[in-house]
Amino acid sequence: MVKGSAVASLIVLLWTTSLPAQTIYPIDRAEILAGAQFDFKVEFPGLVDPAKLKVTVNGADHATAFGRSATLIEREDGKEQSALILRDVTLTTPGSIVVDVSDGTRQRSVTWTVYDTGPRKAKNVILFIGDGMSPAHRVAARILSKGIAEGKSRGKLAIDDMPHMALVATAGSDSIITDSANSASAYATGHKSAVNALGVYADRTLSPFDDPRVETITSLARRRLGMAIGIVTNTEIEDATPAAMIAHTRRRAAYDEIVEQFFAARPDVLMGGGSANFLPKSAAGSRRKDETDYIAKFRDAGYQVATTAGELSASAAKPETDKLLGLFATGNMDGALDRKFLRGGGVKKFPEQPDLTEQVQAVLKLLSRKETGFFLMVESGMIDKYAHLLDMERAVFDTIMLDNAVHQTREWARARGEDTLILVLADHNHPNSLVGTVNDDMGTTPNVPLRERVGVYDQAGFPNYPPPDADGYPSRVDVSRRLAIFSASLPDHYETFRPKLDNPNEPTVKAGDDGTFKANDKYKDVPGAVLRPGNLSAMIGASVHSGEDVILTATGPGSDGVRGSMDNTEVFRVMADALGLAARQ
């Protein structure tokens, strides 16, 4: 027979274990670079009695371990829930860290790993990100830019011809499917985060700007080594991937505030589209909500400002240029297919946009003047935008453009004696597959529906794109036997089986004021088009990301850390180790 006191104890145990536990940031199994700054936070599900609160780090009081006490917020956001916060914590001793938190009723523990680095190996680190670049994009880029005969490629892509390769897992802290914000943040900080979050652990507060921060590699490289910083993209510069290199917010769409954070950080080179959020509200084309002129502020801070390819080249050629802001479109820049061949998209409005290779050439010229070395992130970001729109030709051409930028960078590094770690990878995948070819040349049977002209296995044969030019681009994509790349995540849309030669694809349009989408009737009457019912909600008007591992290739000092199966947070660790960024003992 169980005694009354034992029953009471059992009831208390069952009650306390059923209560929601505290949330601790950094999260369980976080890996933390020795000497890197981070914010420590505990979120309690209810109100906390300070007299009963106990927080220890490896058994010692947190104030002793962290060097100062955290602040207890009795009612966070005015709600019946408490929180504990301590900003800018650093841990310098490598090893396992166990954090125990108890409020007298509930208890939670997390374990962190603090890791060191060896001595510095690389003077510079260059991280190339093909946003949303799937294996299908890489294979298609190889076929179009190198050619293929009897099953064997006539050459290798620069992004593939590297001595070290790994598969990188991309899941975030809240989902197996990531977006560009938290995936790029994992590369930039070594910490997991949630969808839409940049450089923070996404907490429960109302403000998107007070979440627990983790230090980025750009901050570490400058703070610890005095390195120069460059951020280059062909999307809006405020977009998730470039913003993740510097910004701290759980709301990736906060473009105005991200621009403010860019200005506060003052990277040596900042280059892409997105001038609309730099311009004051009253200026033509502006999307800012205030009258602050950030182009003027950057110029007053000593930056050369370039808005065309010619201005970029001229600014980079000046020996006195050491800071550069390049803004070449109000929104995203245009991809290679439109700029070089079709003149679609925004090319008529912004006819002098530089190619990604021109951007990289300029930034290498500027940053290499820095004796302490540099960190550079280069994004071919429109691969992702086009993949969302099921616009495979444009996505593949921008993959070729990325490869050209990597090729010229590798040549630059060889001429310097290989002092630079170069990494190339995607931030996440798209569910695209190269399944065969689309054959428009059916000889004596011209009326065969296009969907029946998709050849697989031996019926696929080989595509008949014209030979590529010196930059690896075929002059036409509307050939009679084209690569068939399809997505596994689809909205309802009209499949035409043909490249879009006027403007980038628009598979859907808004169905009304309810936020739903429908197939775009623009393509309804294209010969051979078929209505393809999607597998996505009507609330989603484009293809979405997928959760497969991405390919990472690397060369240069420190690249031997790239191997096998890795997590996306380990990419940060490879870069940190190459630069010897850990706190010196």
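Structural data are supplied above this passage.
As a convention, each chain's residues are numbered from 1 in the sequence order in which they are written. Only residues with pLDDT of at least 70 are given local features in this predicted model, and only at 80 or more are side-chain atom pairs given and counted; all residues enter the totals for whole chains, interfaces and linings. Neither water nor hydrogens contribute to the side-chain values; these are computed over all heavy atoms in the structure.

Student: Quick one: what's the story with the overall build of the protein chain, residue by residue and with numbers?
Tutor: In terms of regular secondary structure, the protein chain is built from 14 helices and 28 strands. The atom set for the radius of gyration is the C-alpha atoms, and the globule formula is 2.2 Å times the number of residues raised to the power 0.38. A globule of 585 residues ought to have a C-alpha radius of gyration of about 25 Å, and the protein chain, at 26 Å, matches this closely. When the backbone C-alpha atoms are referred to their principal axes, the protein chain occupies close to 90 × 65 × 50 Å. When accessible area is computed with a 1.4 Å probe and restricted to protein chains, residues below 20% of their type maximum are described as buried, those above 50% as exposed, and intermediate ones as partly exposed. Counting over 585 residues, the protein chain shows a buried share of 54%. Two residues qualify as a contact provided that any one of their heavy atoms is within 4.5 Å of a heavy atom in the partner residue. Considering only contacts in the protein chain between residues 6 or more positions apart, those separated by 24 or more positions represent 70%. Using the Shrake-Rupley algorithm and a 1.4 Å probe, accessible areas are obtained, with residue cover drawn only from the displayed protein chains. When the accessible surface of the protein chain is totalled, it reaches about 23,900 Å², and 51% of it is carbon and sulfur. Charged residues are defined narrowly, with Lys and Arg counted positive, Asp and Glu counted negative, and His plus the chain ends left uncounted. Taken as the charge location is NZ of Lys, CZ of Arg, CG of Asp or CD of Glu. Charge separation in the protein chain, taken as the distance between the mean sites of 66 positive and 75 negative side-chain charges, equals 2 Å. Helix and strand assignments come from DSSP, with helices taken as H or I runs of at least 4 residues and strands as E runs of at least 2, each series counted from the N terminus.

Student: Which residues make up the pattern of salt bridges, and what are the values?
Tutor: We define a salt bridge as a side-chain nitrogen of Lys or Arg found within 4 Å of a carboxyl oxygen belonging to Asp or Glu. Scanning the model with the defined rule gives 37 salt bridges in all. Here Asp160 makes a salt bridge to Arg142, at a shortest N to O gap of 3.3 Å. Of this pair, Asp160 sits in the loop between strand S12 (152–153) and strand S13 (164–169) while Arg142 sits in helix H3 (residues 135–146), and the two are 18 residues apart along the sequence. A relative accessible area of 19% places Asp160 in the buried class. Judged by relative accessible area, Arg142 falls into the partly exposed class, the value being 26%. Its salt-bridge partner being Glu411, residue Arg414 comes within 2.6 Å of it at the nearest N-O pair. Residue Arg414 and its partner Glu411 are both found in helix H13 (residues 392–416); the two are separated by 3 residues, about one turn of the helix. Since its relative accessible area comes to 40%, Arg414 is described here as partly exposed. You can call Glu411 partly exposed: its relative accessible area is 39%. Through salt bridges that share partners, Lys41, Glu43, Glu76, Asp203, Arg204, Asp211 and Arg250 make up one connected network.

Student: Lay out the nonpolar core with the relevant residues and their values.
Tutor: Soluble globular proteins tend to bury their nonpolar side chains together. Here, the term nonpolar core denotes a set of buried Ala, Val, Leu, Ile, Met, Phe, Trp, Tyr and Cys residues that are joined through side-chain atoms within 4.5 Å. In terms of nonpolar packing, the biggest core is built from 148 residues, with Phe40, Trp112, Phe128, Phe278 and Leu423 touching the most fellow members. Ranked by residues supplied to this core, first place goes to H13 with 11 residues. Counting 5 residues, the second-largest nonpolar core is a separate cluster that includes Val438, Ala484, Phe486 and Phe497.

Student: Quick one: what's the story with empty space enclosed by the protein, residue by residue and with numbers?
Tutor: Residues are called lining when one of their atoms sits within 4 Å of a cavity or pocket point, these points coming from a 1 Å grid over the protein atoms alone, where a cavity is a set in which a 1.4 Å probe fits but cannot get out and a pocket is an open set with protein on both sides within 12 Å along at least five of seven lines. Grid points are joined across faces, edges and corners, and a volume is the space filled by probe spheres set on the points. Within the structure shown, the criterion is met by 3 cavities of 30 Å³ or more. In this structure, the largest cavity encloses a volume near 270 Å³. Secondary-structure elements contributing two or more residues to the lining of the largest cavity are H13, strand S22 (481–487) and strand S23 (493–495). Of the residues forming the lining of the largest cavity, the biggest block, 6 residues, is contributed by S22. Per-class residue counts for the lining of the largest cavity are 12 nonpolar, 4 polar and 7 charged. Lining the second largest cavity are Ala140, Leu144, Met392, Glu393, Val396, Tyr465, Val477, Leu483 and Ile485. Secondary structure elements with two or more residues in the lining of the second largest cavity: H3, H13 and S22. Here the element with the most residues in the lining of the second largest cavity is H13; it accounts for 3 residues. Note on residue categories: nonpolar means Ala, Val, Leu, Ile, Met, Phe, Trp, Tyr, Cys or Pro, charged means Asp, Glu, Lys or Arg, and polar means any other residue, Gly included. Taken together, the residues that form the lining of the second largest cavity break down as 8 nonpolar, no polar and 1 charged.

Student: Run through helix H5 (residues 217–225), naming residues and quoting values.
Tutor: The set of residues buried in H5 consists of Ile217, Thr218, Leu220, Ala221 and Leu225. The arc that holds every buried residue of H5, seen down its axis, measures 165°, which confines them to one face. Where H5 is buried, its residues meet strand S2 (31–33), helix H4 (180–189), strand S14 (228–236), strand S18 (374–380) and helix H14 (568–579). The positive-phi residue at the C-terminal boundary of H5 is Gly226, with phi of around 70°. Here, the arc refers to the directions that run from the helix axis to the C-beta atoms.

Student: Quick one: what's the story with the environment of Thr241, residue by residue and with numbers?
Tutor: Secondary-structure assignment places Thr241 in helix H6 (residues 240–244). Taking the relative accessible area as the measure of exposure, Thr241 reaches 1% and is therefore buried. Sequence spacing of Thr241 and Met377 is 136 residues, and the spatial spacing of their C-alpha atoms is 9.2 Å. Sequence-distant contacts of Thr241, that is, excluding residues within four places in its chain, are made with Ile129, Asp131, Ser180, Ala184, Met377, Glu379 and Asp427.

Student: I'd like a rundown of a nonpolar patch on the surface, residues and numbers included.
Tutor: By definition, no residue in a patch forms a salt bridge, and every one has over 30% relative accessible area; like charges are joined within 9 Å, nonpolar side chains (Val, Leu, Ile, Met, Phe, Trp, Tyr) within 5 Å. Taken together, the side chains of Val435, Val456 and Tyr457 present a nonpolar region at the surface, about 330 Å² in accessible area. Mapping Tyr457 onto the fold places it in the loop between strand S21 (454–455) and S22.

Student: Pulling in residues and values, what's your account of the sheet that holds S22?
Tutor: One bridge is not enough; two strands pair if DSSP finds at least two bridges between them. As summarised here, the arrangement of the 3 strands in space is S21-S20-S22, forming an open sheet in which the pairing is antiparallel. Of all the strands in the sheet, the pair left with one neighbour each is S21 and S22. Pairing geometry for strand S20 (residues 432–439) and S21, over 2 bridges, is antiparallel. Its bridge partner lying in S21, Thr437 is registered against Gly455. To get an axis, fit a line to the C-alpha atoms, keeping to the stretch in contact for a helix; angles then go from 0 to 180 degrees between the N-to-C directions. Its contacts with the sheet put H3 on S20 and S22, and the angle it makes with S20 is roughly 40°.

Student: How would you sum up the pairing of strand S3 (residues 38–43)? Please name residues and give values.
Tutor: Burial analysis of S3 places 6 of its 6 residues in the buried class, which makes it a mostly covered element. Every second residue of S3 is oriented toward a common face, with Phe38, Phe40 and Val42 on one face and Asp39, Lys41 and Glu43 on the other, all of them buried. The pairing of strand S1 (residues 23–25) with S3 spans 3 bridges and is antiparallel. Following the sheet pairing, Ile24 is matched in S3 by Val42. Relative to strand S7 (residues 83–89), S3 runs antiparallel, the two being bridged by 5 bridges. Of the residues in S7, the one forming a bridge with Val42 is Leu84.

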